[in-house]
Amino acid sequence: MANQKIGAVLVIGGGVAGIQASLDLADSGFKVYLDDQAPSIGGVMAQLDKTFPTNDCSMCILSPKLVTAGRHPNITVLTNVEVTRLNGEAGSFEVKLRKLSRYIIEEKCNGCGICAQKCPIEAVDTFNEGLSNRSAIYVEYPQAVPLKYKIDREKCIGCGTCFEVCKAKAVAYDQKDSEATLKVGAIILAPGFEVFDAKLKSEYGYGRYPNVVTSIEFERILSASGPYGGLVLRPSDGEIPKKIAFIQCVGSRDYQLGNNYCSAACCMYGMKEAVIAKEHTPSPLDAKIFFMDMRSYGKEFDAYYKRAQGEWGIQFVRSRVAGVTEDPKTQNLFVHYVEDETPKTEEFDMVVLSVGMQPPKNAEKLAESLGIKLNGYKFCETQAFSPMETSKPGVFVCGAFSGPKDIPESVAQASGAAAKAMGVIASKRGAEVAVKEYPPERDVSLEEPRIGVFVCHCGINIGGVVNVPEVVEYARKLPNVVFAEANVYTCSEDTQKLIKEKIVENKLNRVIVASCTPRTHEPLFKETVQEAGLNPYLFEMTNIRDQCSWVHMHDAKEATEKAKDLVRSIVAKAKLLAPLKKPLINVTPVALMIGGGVSGMTASLALADQGFEVHLVEKEPELGGQLRRIHYLLEKDSDPKEKLDALVEAVTKNDKIRVYKNAEVVDVYGFVGNFKSKIRQKDGEEKEVEHGVVIVATGAAEYKPNEYLYGKDPRVVTQHELEEKLASGAFQAKTVVMIQCVGARNDERPNCARICCGQAIKNALKIKETSPETEIYVLYKDMRAYGFKEDYYREAAVKGVIFVNYGDERKPQVKAENGKLLASFWEPVLNEQLEVEPDLIVLSAATVPNPDNKKLADMLKVPLTKDGFFLEAHMKLRPVDFATEGIFLCGMAHSPKYIDESIAQACATAARATTILSKKTLEMEGIVANVSEDLCSGCRICEYLCPYGAVEMKDKEGKTVAHVLEALCKGCGACGTACPTKAIVMGHFTTDEILAQVKAALVEVKT
Amino acid sequence: MSEKNGFEPKIIGFLCNWCSYAGADLAGVSRIQYPPNIRIIRVMCSGRIDPAFVLEAFKDGADGVLVAGCHLPSDCHYISGNFKALRRITLLKKALAEFGIEPERLRLEWISASEGDKFAAVVRDMTEQIKKLGPNPLKEMEVKSQ
Ligand code: FES
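Please read these numbers as outputs of a predicted model, since none were measured by experiment. (Residues numbered from 1 in each chain as written. Chains lettered and ligands numbered in written order. Predicted model: local features only at pLDDT ≥ 70, side-chain atom pairs only at ≥ 80, totals over all residues. Heavy atoms only, no water.)

Here the focus is the pattern of salt bridges. Residues and elements named next belong to chain A. Counted by the stated rule, this structure contains 77 salt bridges over all chains. In this structure, Glu447 engages Arg442 in a salt bridge whose closest nitrogen and oxygen atoms are separated by 3.0 Å. The class for Glu447 is partly exposed, based on a relative accessible area of 30%. (Salt bridge = Lys/Arg side-chain N within 4 Å of Asp/Glu carboxyl O. Buried < 20%, exposed > 50% of the residue type's maximum accessible area, 1.4 Å probe, protein only.)

In this complex, chain A contributes 54 residues to the contact, which on the side of chain B involves 52 residues. Regarding the contact of chain A and chain B, the summed buried area is about 4700 Å², with carbon and sulfur atoms giving 58% of it. Where chain A packs against chain B, one counts seven salt bridges. Salt-bridge contacts for A:Lys999 lead to B:Asp60; the nearest nitrogen and oxygen are separated by 3.1 Å. (Contact = heavy atoms within 4.5 Å. Buried area = accessible area lost by both parts, 1.4 Å probe.)

This brings us to the environment of A:Val951. Residue and element names in this part refer to chain A. Relative to the assigned elements, Val951 resides in strand β50 (residues 951-956). Considered as a pair, Val951 and Leu968 are 17 residues apart in the sequence and their alpha carbons are 8.5 Å apart. With near-sequence residues (within four places) excluded, Val951 lies in contact with Cys942, Glu943, Cys946, Ala962 and His963. (Helix = DSSP H or I, 4+ residues; strand = E, 2+ residues; numbered from the N terminus.)

As for its placement among the helices and strands, A:Pro518 is situated in helix α12 (residues 518-531). Sequence-wise, A:Pro518 and A:Met541 are 23 residues apart; in three dimensions their C-alpha atoms are separated by 6.2 Å. Those residues in contact with A:Pro518 that sit more than four places away from it in its chain are A:Pro523, A:Met541, B:Tyr21 and B:Arg42.

In this structure, A:Leu25, A:Ile188, A:Val453, A:Leu607 and B:Phe14 are the most contacted members of the largest nonpolar core, which totals 209 residues. Those residues in contact with A:Ile188, other than ones at most four positions away along the chain, are A:Val9, A:Leu10, A:Val11, A:Ile12, A:Ala21, A:Leu25, A:Phe396, A:Cys398, A:Ala417, A:Ala418 and A:Ala421. Listed in part, the 54 residues of the second largest apolar core include A:Ile221, A:Cys267, A:Ala308 and A:Met357. (Core = buried A, V, L, I, M, F, W, Y, C linked by side-chain atoms within 4.5 Å.)

This part covers the sheet that holds strand β35 (residues 686-691) of chain A. Residues and elements named next belong to chain A. An order of β33-β34-β35 is seen for the three strands of this open sheet, with the pairing classed as antiparallel. The sheet is open, and its two borders are formed by β33 (664-671) and β35, each paired with just one other strand. Across the sheet, the mean angle separating the axes of adjacent strands is 20° when strand polarity is ignored. Where strand β34 (residues 674-680) lies against β35, six bridges are found, and the strand directions are antiparallel. Looking across to β35, one finds that Lys676 is bridged to Glu690. (Pairing = 2+ DSSP bridges. Axes fitted to C-alpha atoms, helices over the stretch in contact; angles between N-to-C directions.)

Glancing now at the confidence of the model for chain B. Here chain B averages 90 in pLDDT, and 93% of its residues register 70 or above. Here the prediction assigns the complex a pTM of 0.86, and the interface score ipTM is 0.95. (pLDDT = per-residue confidence, 0-100.)

All names here are of chain A. Applying the stated criterion across every chain, the model contains 25 aromatic pairs over all chains. With a centroid separation of 5.5 Å and 65° between ring planes, the pair formed by Phe379 and Phe788 is classed as edge-to-face. Pair noted here: Phe379 is in the loop between α8 (363-370) and β24 (395-397) and Phe788 is in the loop between β40 (775-780) and α19 (789-798), with a separation of 409 residues, a long-range link. Classification of Phe788 by relative accessible area gives partly exposed; the value is 22%. In this structure an aromatic cluster arises from ring pairing among Phe52, Tyr297, Phe301, Tyr786 and Tyr898. Positioned above the aromatic ring of Phe52 is the side chain of Lys876, whose terminal nitrogen or guanidinium carbon lies 3.7 Å from the ring centre. (Phe/Tyr/Trp six-rings, centres within 6.5 Å; stacked < 30°, edge-to-face > 60°. Lys NZ or Arg CZ within 6 Å of the ring centre and 35° of its normal.)

Here helix α9 (residues 407-425) of chain A is 19 residues long and its end C-alpha atoms lie 27 Å apart, about the 27 Å a rise of 1.5 Å per residue gives. At the N-terminal boundary of α9(A), the capping side chain belongs to A:Asp406, with an oxygen 3.2 Å from the backbone nitrogen of A:Glu409. (Expected span 1.5 Å × (residues − 1). Polar contact = N/O pair within 3.5 Å; in protein donor to acceptor, adjacent residues only side chain to side chain.)

Now the structure itself:
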């Protein structure tokens, strides 16, 4: 059986989750087919302006991933594709696909865009959510991958213009849909979500009132590349709004609509949109958010909420808006709502509806063709202990299709799904991928520079403005240029062949392409010169399209002069280019796992499944961590005790995993692929282990409250202690008061502890199950029952649990008098102070960081958040990586989270670690810093400045000098710039090269 | 054309690869028109920009220099290069006066990959401003001393 497995994976859906899963698989030696129904990948994230909580530009962080996925030798991107049938079983599937016609021959289209410029037909721009128009032949957005045009046949009148102007002969009006069959070993579903149709909430007037827009439309409005160039304008009259209302939960938490679940991301994106709108509006803007519960439950989210209220001055109103009406004269809007039990109306210039997430439109069809189960809301069904597994073995899920979630959760789950898929086909690693072989490199060290310059017409994109022949003529006369010529499309297949021939014919040892942007095209040309036996760093590029023809369209002369200057400048740099070696480092295929809770054990098993050895170090005498304290789940879909036992058994029995209990990591030395660490064992003996990666899974702890008589009165307990009582049958109480946010969301710990709302609901429901008469009050600030947890919140309310909101200004009071416990609190609905006599007060105590974090962070040289949790490389797109290569984090070491979220992250670290462990050697980027030891004065400035810890000081014949660990260096150049003795040379961006470039850009050089 | 009898300034722009260079690309893709006075030099990060590069540019006759990187605080792809640039360029601006160069000739801007319009606006604005200032005074000094 095993030998029939196929080392390839089909990823369905090319949003950020699908892309992440594909990259992890492809980097671990598997073939990936990444398919999407849309004409390009990128999904919803490509449409966003900024991302919370860092306000990073969405396109800036996504587009490098798009480009990498598009160019990855192990990834085949299939667009305009739908899956029609699935046969076979885990390890060996056969998938049938239908490819819908673009009416464009993809292999020929090079995305030059002349067709769209000449197309006489206007169509609605769906990427801009209908707020602007595009042509009938189009790409979704300028950075689209693949950059292949598509004809909108519903709009196209067949005039033949595009056919005529296309120099690449790519237009094919009669192209038919086609069928294809793929053979893969596993499938990952990442089809994302559908935005809720706001017209269904007719009381908000969307579709009738032009100034009521959805949040996704508003993202496009905010975007600098959107319909209004990033200016916030009213769609009705193009005026700048002074007052905007944001209405939350549109299409979410709505029982009547059948969408009872919470969409999990809207509170944060609503807040973010309000903040960015203020930034993008020249005049002061009033922004008001109408919400039910502010669910800013993620890492550092509450800190953002605080800033939104304080620094950014966003107003928040806790109310469900009843309706919106319009003043037909001004097209202003009236928002009708109830606050403090009083009906109110307020006028706004614009209303933004925070629309929720729905399952993708084709969810049912997809489920049917793949044979997987959906849940009651038609999202993909999963379970708490198997968040990436669908009901069909070998088919995994990630992203919003398994339930509404934000980007970092989706990305983590995507890597997790990749690890699961790798587990199925680990034996076939490398089987379906071709290793590219290059000819031996020519030694050019003794040759005079012989530069070849290729100038691109780019159809007429460049040649239509810049006088390309004149630039070529000019280039020919520049020093060291021995060859120059023009190409219609320098990036086309046949030109690559031509470039290789010219390199050989003319003995070129430096190659320049003057065309478009190196950000997308440099890798292609580097590969080409490498195929011709040149070191890839002997290539350079200059951008005469985006910097000349497209931005000086009406000044052909100046555009041409500028192109000449740019060519002259890059020739001056090219003359100095030196070949660089990509450092190769060996990898020890072993992982060090710090922490043996559910995360550490899950990650260990996921790595062991793929054949890697793991050293699992647990401080406590037993494995299990916080999971030992969990007796039942909110979702009730599995028994945590059984799961724990099974996990411990699997880990202990696995011969790839070596478990150290009562043990501690006391020293870590080395870098990615080559770590050496010391583990202090129970008996005090120290053992040294070698490993290629480190995974931090040290968990977190429950806060020990000093509030509300805890520790003074035995009737005041924490949620964990209550759970213990309920499980052991020791629970007895007529009245229970639960107090939320104890030790969280305060001055000391400003962030939300995320899991306590779910714990409270879980325990309240358990009480109602065993003793239905017991009266339960839950005193909360916001009930953060996000995603499908909303169902249980509702169930608890239906079963009679009383939820009472409190604010910081009126905290609940607890006292003990004459042997009685008394709890008093303000009841905002009744508008009075209530006093009850509970038998038990349950504190939802925060989850606090593991106290050992600081020590470990110092040892690993990785950062912590202000709260004391570990801080990942990037909050949005690298949730389980540290900035330091080869070190990862998961579970509650990252921040408080539920079991399914910890498991997703744990599997994610396994996938991320596999991208390293699966390679015998790692090829690092050649652009690194080099220290000339003779010049180094040992001042340590570089060591201090390096953000990656890539500089270490070493002894060289009695002198202390800096030494760059090439494996860690990312080539940013910060050290080289600061070095007072100029002992550091930055590869490919040397000081001499840059200075030559500067000089030549400004002064004509004489031949 | 404008002031100082048709003087067209030459501006050198040092742009970080990840945000600002991408922003300039977007200006191109979006066909946003701006004056042809800038010559762009790509570096990996604004933290790579040595004050010596800027001084060299002025010495070689640049009338203005733009340094652009990813937005503060956290957009820099190398964690904190933009802060390093902020410190260096701020100090350098102060020092420029000593060389007889108006500090306004040097600009530090944060431009993201989606701000094609901002890139164009910065170039437009700088070109205008430097036209008013006239040519790089070092050039004139050189002319006189010859
Ligand atoms: S990468 Fe843009 S400033 Fe550092």
